[in-house]
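Residues per chain, in single letters:
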Amino acid sequence: MDFKLSEEQIMIRDAARDFAKAELLPGVIERDDKQEFPAEQVKKMGELGFLGMMASPEYGGGGMDTLSYVLVMEELSKIDASSSVIVSVNNSLVCWGLDTYGTPEQKEKYLSKLTTGESIGAFCLSEPEAGSDATSQRTTAIDKGDHYILNGTKNWITNGGTSDYYLVIAQTDKEKKHRGINAFIVEKGWEGFEIGPKEDKLGIRGSDTHSLIFNDVKVPKENRIGEDGFGFKFAMKTLAGGRIGIAAQALGIAQGAYELAREYSKVRKAFGTEIMNHQAIAFKLADMHVQIEAARMLVYKAAMDKDNHENYDLSGAMAKLVASQAAMDVTIEAVQVHGGNGFVKEYHVERLMRDAKITQIYEGTSEIQKIVISRSILRD
């Protein structure tokens, strides 16, 4: 495996790093405190091409590889995971799904706006009783000939209040179980479509998370993605790639916390010397660095598997499992290195610790990743 980055990848990474420092860092603490959606920053990320990186240039996308996308996610997440999850959902779950499985008409109408940031997208799978168990969809889409009637509730939806377009997974035929599930494109403002209150979250507080309610929403037949019954496969294929994005987010959170802790250890003094000279702190930093590098290799490997058109179910699950654990472990230790200062907002590490936790939960909990991994390794 050769993880040497190309000149183009280095350029993309550096552009994301500069943007994060110049545009995301100012006000990041205030946005977190007020649960303020980073609207201006998202607009600028769209202008830079960060919202449709892997989509076809024909529809306004960047046509870039997954590793380039991972590099951008990592850099943005070092500073503002609320902004990076918006990038992740729009890229991995919405644009990729439409670009890969949508019709030319769907791509022209929706994808061309999503890739440029003119519009934002959301992926709607989770329900009050169908989180990790995605087969237990209670939301229904009844076939009425030229349209479907959509009823149900989705929750924990990232970009739930700010999106223009929603990819909604619903059950059309209960008798067929997962083979009776479909995916639909739903537009904000359609009659019967309501957006619930914003969730008050532990972390990624700048990202807006909502429940969505569908009451007899009329969805045109042409807004179904793929053939009848393709919805569950669509969701699983899309989530498999989305896990790579969240793994990259976790990696960035860990890296950002580590860098803050390392620099703090060089200036903070205790017992007459900088704390980096105390073995207790030096060993913490060594463990953090090793854990991050191990996670990075798994994340980059998963991205390369996807780019090489190899099966990335296993590598993506391993990357997310290990990177999300690294994010939790490293951020906790970063707070510890900062001591009392780590417990207050101005030093950033407490926010990174809060942001890290969700990476072990969304787009498949750590327990779900272990199911994916164990099934894969025991199949042979």
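What counts, and at which threshold
Residues numbered from 1 in each chain as written. Predicted model: local features only at pLDDT ≥ 70, side-chain atom pairs only at ≥ 80, totals over all residues. Heavy atoms only, no water. UniProt positions renumbered as here; feature names shortened; annotations may be inferred. Helix = DSSP H or I, 4+ residues; strand = E, 2+ residues; numbered from the N terminus. Expected span 1.5 Å × (residues − 1). Contact = heavy atoms within 4.5 Å. Disulfide = S-S within 2.5 Å. 1 Å grid on protein atoms, 1.4 Å probe; cavity = no way out; pocket = protein on both sides within 12 Å on 5 of 7 lines; lining within 4 Å. Points joined across faces, edges and corners; volume = space filled by probe spheres on them. Nonpolar A, V, L, I, M, F, W, Y, C, P; charged D, E, K, R; others polar. Pairing = 2+ DSSP bridges. Axes fitted to C-alpha atoms, helices over the stretch in contact; angles between N-to-C directions. Parallel < 35°, antiparallel > 145°, perpendicular 65-115°, else oblique. Left-handed = near helix turned anticlockwise from the far one by under 90°. Buried < 20%, exposed > 50% of the residue type's maximum accessible area, 1.4 Å probe, protein only.

- Per an unreviewed UniProt entry, the protein goes by Acyl-CoA dehydrogenase and derives from Aquimarina rubra.
- The annotation that UniProt attaches to the protein under Cofactor (unreviewed entry) is "FAD".

### Details of helix α1 (residues 7-24)
For an α-helix, 3.6 residues make a turn, and residues three or four places apart therefore share a direction.
Argument step 1. With 18 residues, α1 extends 24 Å from end C-alpha to end C-alpha; this agrees with the ideal 26 Å at 1.5 Å per step.
Argument step 2. Check the buried side of α1 and you find it contacts α2 (28-34), α3 (39-47), α4 (66-79) and α5 (81-101).

### Some points on the state of the cysteines
Argument step 1. This model, assessed by the stated rule, comprises 0 disulfides.
Argument step 2. Of the cysteine sulfurs around C95, a residue in no disulfide, the closest is that of C124, at 14 Å.

### Notes on the UniProt feature "domain: Acyl-CoA oxidase/dehydrogenase middle" (unreviewed entry) in the protein
Argument step 1. Following the UniProt record, the feature "domain: Acyl-CoA oxidase/dehydrogenase middle" (unreviewed entry) maps to residues 122-217 here.
Argument step 2. From the first C-alpha to the last, residues 122-217 spans 17 Å; its make-up is 0% helix and 50% strand.

### A word on empty space enclosed by the protein
Vacant regions in the atomic arrangement are exposed by a probe of water-molecule size rolled over the atoms.
Argument step 1. Inspection of the entire model under this criterion finds 3 cavities of 30 Å³ or more.
Argument step 2. Taken as a whole, the largest cavity encloses approximately 70 Å³ of empty space.
Argument step 3. V28, R31, D32, E36, P38, D80, S82, S83, G206, R351 and D355 are the residues that line the largest cavity.
Argument step 4. Mapped onto the lining of the largest cavity, the elements with two or more residues apiece are α2, α5 and α10 (349-357).
Argument step 5. Here the lining of the largest cavity gets 3 residues from one element, more than from any other, and that element is α2.
Argument step 6. Classifying every residue of the lining of the largest cavity gives 2 nonpolar, 3 polar and 6 charged.

### Here we look at the pairing of strand β2 (residues 140-143)
The side chains of a regular strand alternate between the sheet's two faces.
Argument step 1. Alignment of β2 against strand β3 (residues 147-158), held across 4 bridges, turns out to be antiparallel. In the sheet register, T140 faces β3, and the bridge partner there is N151.
Argument step 2. Hairpin connection of β2 to β3: 3 residues between the antiparallel strands, including G145 at a positive phi of 100 degrees.

### What to know about the packing of helix α7 (residues 231-267) against α10
Argument step 1. At a minimum axis separation of 10 Å, α7 and α10 run at an interaxial angle of 160 degrees. With respect to each other, α7 and α10 are oriented roughly antiparallel. Of the two possible hands of crossing, α7 and α10 adopt the one that is left-handed. Where α7 approaches α10, its residues I253, G256, A257 and L260 are matched on the opposing element by V349, L352, D355 and A356.
Argument step 2. Grouping the amino acids of the contact of α7 with α10 by side-chain chemistry returns 6 nonpolar, 1 polar and 1 charged.

### Notes on α10
Argument step 1. Along α10, 7 of the 9 residues are buried, which leaves the element largely enclosed by surrounding structure.
Argument step 2. When we look at burial in α10, the residues that qualify are V349, E350, R351, L352, R354, D355 and A356.
Argument step 3. Packing partners of the buried residues in α10 comprise α2, α4, α5, α7 and α9 (313-338).

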